[in-house]
Structures are given as structure tokens and as C-alpha cells.
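Summary of the model geometry
Each chain, letter by letter, is given below.
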Amino acid sequence: MTARHRIIIDTDPGQDDAVAILLALGSPEIEVLGITAVAGNVPLRLTEKNARKVCELAGKPETRVYAGAIRPMVRPLVTAEQVHGKTGLDGPDLPEPVMPLQKQHAVDFIVETLMAEEAGTVTLCPLGPLTNIALALVREPRIAARIQRIVLMGGGFFEGGNTTPAAEFNIYVDPHAADVVFRSGVPIVMMPLDVTHKALTSSARIAAFRKLDTRPALATAEMLEFFERFDETKYGTDGGPLHDPCVIAYLLQPDLFRGRDCNVSVEIASELTMGMTVIDWWGVTKRPKNAMVMRDIDADGFFALLVERIGNL
Ligand code: RIB
Ligand code: CA
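Heads up: these notes are all about the structure in this document. (Residues numbered from 1 in each chain as written. Chains lettered and ligands numbered in written order. Predicted model: local features only at pLDDT ≥ 70, side-chain atom pairs only at ≥ 80, totals over all residues. Heavy atoms only, no water.)

**Here's the deal with the overall build of the protein**
Broken down by element type, the protein carries 12 helices and 10 strands. Scaling as 2.2 N^0.38, a compact globule of 313 residues should have a C-alpha radius of gyration of about 20 Å, and the protein matches this with 18 Å. Dimensions along the principal axes, computed over C-alpha positions, put the protein at roughly 50 × 45 × 35 Å. In the protein, the share of contacts with a sequence separation of at least 24, taken over all contacts with a separation of at least 6, comes to 82%. A total of about 12200 Å² of accessible surface is found on the protein, and carbon and sulfur atoms cover 53% of it. Taking the average place of the 31 positive charges on the side chains of the protein and the average place of its 40 negative ones, the gap between the two points comes to 3 Å. (Helix = DSSP H or I, 4+ residues; strand = E, 2+ residues; numbered from the N terminus. Rg over C-alpha atoms; globule rule 2.2 N^0.38 Å. Contact = heavy atoms within 4.5 Å. Areas by Shrake-Rupley, 256 points an atom, 1.4 Å probe, with all protein chains shown as cover. Lys, Arg positive; Asp, Glu negative; His and termini not counted. Charge placed at Lys NZ, Arg CZ, Asp CG, Glu CD.)

Set out below in C-alpha cells:
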């Protein structure tokens, strides 16, 4: 079957990133051209290793994994070990990876792939801070016209922030990179906290992975049980939001989501609201509509898709 989606996943695993990678690798409609790691949830030396661990967990050691930016473009790196654990992938005990890390820098891989592949045929799927994507756009501006679209997890508006009252983690860590991406003119589909906070894990939903009784599914259950505890305590909910897999699920079943075209602008001046994504949901400005912003999800359909596809591995 010819892949319907040829993608590059840019990621900072991170348990939710890991589930997104498993979803992509378990879906025949998707060809993963490469996985590029970025500093975010944990430092780069761990995010690139975790990406390789997940590829091996999926039984796909031939996947090409690249290391990218070791820190944001301007601001110092902020990490999230309190959410993801000191390894960034706490929960399951995954073996040290054997598959190689590619020697080429992730930013060069992104540029080279977009310049070599037919224009408009490659989708970028950022799941962490947008540093690699912004650096690629600055390094080779011609790629902007060649990217089919960027489907990203990041930002928030009605939900506020999860790192400061105003900012979501991926955007907060590298607001300048996010500003470059949202001003790039590339078609963007945005999965902000407003939609990911409606995709909550729960004991029943995690049990469905356990029931598959395969190594990838059991590891998924262990990752989610670790990952959800921080947000359960913070928000007082049963379960935590499963952010990053929303990006891949959108490629597979876009009808699971509802949203609208809006202007999204990123705060890069005020320390109080640094990294805030100002979403003009009601169209009160004349600013260009630069992103399809998702706000609703069919959560049952989303988790059914996850169980089905991770069950393929
Ligand atoms: O705010 C949630 C986002 O930050 C997710 O991508 C999670 O993995 C972290 O990177
Ligand atoms: Ca992430």
C-alpha cells in the first residue's frame, strides 16, 4: 500500500511522544521518513535515546533517528522531569537501544529531505519545542513552500497554559522558534491544550492496552500510568491529557477533530506572558488566519484508534 502520509516526526520523548511514535509506526498509511529529536521534556542526549528505544519497542529498528537542537534558539532550556521522570520515559523498563543514531544533524536532514522530495509531499509533525523546525526554516527558507503542512502539538488559549498561567510547555520552551513557525506561511494544523485536555487517559482506557498483552501495548500502559499521575494531581482529574498522539491521529482520522481557521500569534516580548499563543478564535482582528486550531475531539474514537494501531505492532 502506498503511504498516504510521508512524515518527519520532530519529538522530545516524553511518554506521550512515545505513544504518538508507536501510533505512527503501527499505521500502514504513514511512512515515517525520519524521527528528529529535540531538547525539551529532557535534554537532547535523552530525547534521541528515547526515540530509538521507542522504535525498537515498535519492532522498527530500521527507522532513522537524528539528533537536533541541544537548546532553544534564544532562551535557556527548560525541561520537565517532574512530569516525565529523570529518563524522560519513566514507567516501563526499556532496554538501552542497539539501533544507531544517524550522524547527520536533524536540521540538515529536514532541509535535505524537503529539498529532495517532491514539493508538497512531506508533512512535518512536531511534538515538542519547535527549535529544529525554525532552524530549518532559517537555514533554508525555500523549504517553506515545499512543506505540505505542519501538524503540531503546542499552545493553548481557552485552557490557558500548563507551564505558566499563559503558556503551554512546547511553545514556552522556545517561543522564538514558535514565532518563526507561525509566521512562516506554511499551512499549520494546531493541537493546543484546548483539545488535548479532552483526550484524557483513564483506568478503563489504559486497561484496553493491557488487554492486548503485547510488549508495545504493555509498555504503553506503563508509560501512561506514570505520565498521567502528574496531571491527575494537578487537575484533580481521573487520568491525564494525552497530548502528542493527537497529531498522528489527525493524519489518520481527521474527522475525530473539530476546529477552525484562526490567527495564532506568539508572545516573545513580555516575560509575564512569554510563549502565550494568542488565538483569535472570534476573528476580532484582521491578522491572517495562519492555522487550523483544533478545539474538540471524539475521545472514545481517539483511544479506539490508538488501541487498534498499537495492537498492530
Ligand atoms: O504541553 C504538552 C507538551 O509538552 C507535550 O508535547 C509533552 O510531550 C511536552 O513536550
Ligand atoms: Ca512532546
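Structure's up, so let's keep going.
**Concerning helix α5 (residues 131-139)**
All of the buried residues in α5 are T131, N132, I133, A134, A136 and L137. The inward-facing, buried residues of α5 contact β1 (5-11), β2 (30-37), α4 (106-116), β4 (122-126), β5 (147-153) and α7 (175-182). (Buried < 20%, exposed > 50% of the residue type's maximum accessible area, 1.4 Å probe, protein only.)

**Let's talk about the side chain of T196**
Mapped onto the secondary structure, T196 falls in helix α8 (residues 193-196). Accessibility expressed as a relative area gives 0% for T196, which makes it buried. A polar contact is formed between the side chain of T196 and the side chain of H243, at a distance of 2.8 Å. The contact partners of T196, leaving out residues within four places of it in the chain, are M153, M191, P241, L242, H243 and C246. (Polar contact = N/O pair within 3.5 Å; in protein donor to acceptor, adjacent residues only side chain to side chain.)

**Details of the sheet that holds β2**
Strands pair in a sheet through their backbones, by hydrogen bonds, and they do so in one of two ways: parallel or antiparallel. Strand order in the open sheet formed by eight strands is β3-β2-β1-β4-β5-β6-β10-β7, with mixed pairing between adjacent strands. Across the chains shown, the open sheet's two edge strands, defined by having one partner strand only, are β3 (65-67) and β7 (257-262). Averaged over neighbouring strand pairs, the angle between their axes works out to 25° when direction is ignored. Two strands pair when backbone bridges link them, and β1 and β2 are joined in this way by seven bridges, in the parallel orientation. Across the sheet, residue D10 finds its bridge partner in β2, namely T36. (Pairing = 2+ DSSP bridges. Axes fitted to C-alpha atoms, helices over the stretch in contact; angles between N-to-C directions.)

**Let's talk about the site of ligand 1**
Around ligand 1, the structure places 13 residues, and the nearest of them are D16, L127, N162, E168 and D244. Note that an oxygen atom of ligand 1 is positioned 2.9 Å from one of the side-chain N or O atoms of D17. Between ligand 1 and the protein, one listed contact pairs an oxygen atom with a side-chain N or O atom of N162 at 2.8 Å. Relative to its unbound accessible area of 280 Å², ligand 1 is 96% covered by the protein chains. Of all the secondary-structure elements, those providing two or more residues to the shell around ligand 1 are α1 (15-25) and α6 (169-173). When grouped by side-chain class, the residues that make up the shell around ligand 1 number three nonpolar, five polar and five charged. (Near = heavy atom within 4 Å. Nonpolar A, V, L, I, M, F, W, Y, C, P; charged D, E, K, R; others polar.)

**Observations concerning the coordination of the calcium ion (ligand 2)**
With distances of 2.3 to 2.5 Å, the protein atoms coordinating the calcium ion (ligand 2) are D12 (OD), D17 (OD), D17 (OD), L127 (O) and D244 (OD). Each donor residue of the calcium ion (ligand 2) lies on the same chain, and together they follow the pattern D-x4-D-x109-L-x116-D. Remark: D244 occurs in the loop between α10 (215-235) and α11 (245-252) and D17 occurs in helix α1; sequence separation between them is 227 residues. D244 shares its class with D17; the two are buried. (Donors = N, O, S within 2.8 Å, 3.2 Å for Na, K, Ca; no water.)

**Concerning the environment of E222**
Assignment of secondary structure puts E222 in helix α10. Take E222: its relative accessible area is 31%, and that puts it in the partly exposed class. Linking E222 and F109, residues 113 residues apart in sequence, is a C-alpha distance of 32 Å. Ignoring any residue separated from it by four or fewer positions in sequence, one finds E222 in contact with G91, P92 and R210.

**Some words on the packing of aromatic side chains**
Tallied over the entire structure, the rule returns five aromatic pairs. With a centroid separation of 4.0 Å and an interplanar angle of 15°, the aromatic rings of Y66 and F109 are classed as stacked. You can see Y66 sitting in strand β3 and its partner F109 sitting in helix α4, a full 43 residues away along the chain. Accessibility classification places Y66 together with F109 in one group, the buried group. A centroid spacing of 5.9 Å and a plane angle of 90° characterise the contact between F158 and W281, whose relative ring orientation is edge-to-face. Residue F158 is located in the loop between β5 and α6, and its partner W281 is located in the loop between β9 (277-279) and β10 (291-297); the two are separated by 123 residues in the primary sequence. Judged by relative accessible area, W281 falls into the buried class, the value being 9%. Grouped by ring-pair contacts, the aromatic residues F157, F158 and W281 constitute a single cluster. Residue placement shows R75 over the ring face of Y172; its charged tip is 5.5 Å from the ring centre. The ring of F158 carries the charged tip of R295 above its face, separated from the ring centre by 3.5 Å. (Phe/Tyr/Trp six-rings, centres within 6.5 Å; stacked < 30°, edge-to-face > 60°. Lys NZ or Arg CZ within 6 Å of the ring centre and 35° of its normal.)

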